Amino acid sequence: MALTIVDKELESIQLSAEIREKALHKAKEGYVMALLEVGEITSGRAAKILDISRIEVIEMMNKWGISLFDDSQSLEELHQEVEQAALILNQQIS
């Protein structure tokens, strides 16, 4: 994944390689979090892109104020998903 930011004001700033890398890393993190927030990618895919664990993505989502849950779901739909997950888990354990 290549991120390119074209901005004359930013290009005019003289940065060390270390600071430039840190800034690019933060830009990539922001881009991935924006994609995650609008539902274009999953937390698992975000973890792969950022080369971190899914738990770290979830922590990052909290930092960025991104909900773990689909806010468009009703409480009943969420309850059904939890029940389905429990059934699958119980089948795998048995």
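The structure we're discussing is the one just above.
Residues numbered from 1 in each chain as written. Predicted model: local features only at pLDDT ≥ 70, side-chain atom pairs only at ≥ 80, totals over all residues. Heavy atoms only, no water.

Trainee: Explanation requested: the overall build of the protein chain in the structure shown.
Mentor: Summing up its helical and strand segments, the protein chain has 5 helices and 0 strands in all. Secondary structure elements of the protein chain occur, N-terminal to C-terminal, as α-α-α-α-α. Against the 2.2 N^0.38 benchmark of 12 Å for 94 residues, the protein chain shows a C-alpha radius of gyration of 18 Å, more extended than a compact globule. Dimensions of the protein chain, computed from C-alpha atoms along their principal axes, come out at roughly 60 × 30 × 20 Å. (Helix = DSSP H or I, 4+ residues; strand = E, 2+ residues; numbered from the N terminus. Rg over C-alpha atoms; globule rule 2.2 N^0.38 Å.)

Trainee: Would you take a moment to explain the nonpolar core for this structure?
Mentor: A general feature of soluble globular proteins is that nonpolar side chains tend to end up buried together. Grouped together as the largest cluster of nonpolar side chains are 11 residues: V32, M33, L36, I41, A46, A47, L50, V57, M60, M61 and I66. For this core, the secondary structure elements donating two or more residues are helix 2 (17–37), helix 3 (43–50) and helix 4 (54–64). (Core = buried A, V, L, I, M, F, W, Y, C linked by side-chain atoms within 4.5 Å. Buried < 20%, exposed > 50% of the residue type's maximum accessible area, 1.4 Å probe, protein only.)

Trainee: What is the right way to read a negative patch on the surface from this model?
Mentor: Taken together, the side chains of E76, E77, E81 and E83 define an acidic patch exposed on the protein surface. Locating E83 in the fold gives a position in helix 5 (residues 75–93). (Patch = residues over 30% accessible without salt bridge, like charges linked within 9 Å, V, L, I, M, F, W, Y side chains within 5 Å. Areas by Shrake-Rupley, 256 points an atom, 1.4 Å probe, with all protein chains shown as cover. Salt bridge = Lys/Arg side-chain N within 4 Å of Asp/Glu carboxyl O. Lys, Arg positive; Asp, Glu negative; His and termini not counted. Charge placed at Lys NZ, Arg CZ, Asp CG, Glu CD.)

Trainee: Whenever I open this one, the pattern of salt bridges confuses me. Can you help?
Mentor: Here the idea is simple: oppositely charged side chains can pair when their charged atoms come close. Taken as a whole and assessed by the stated rule, the structure comprises 1 salt bridge. Two residues, K63 and E29, come together in a salt bridge whose shortest N-O distance is 3.2 Å. Here K63 is found in helix 4, whereas its partner E29 is found in helix 2, with 34 residues between them in sequence. For K63, a relative accessible area of 56% gives the class exposed. According to the relative accessible area criterion, E29 is buried, its value standing at 5%.

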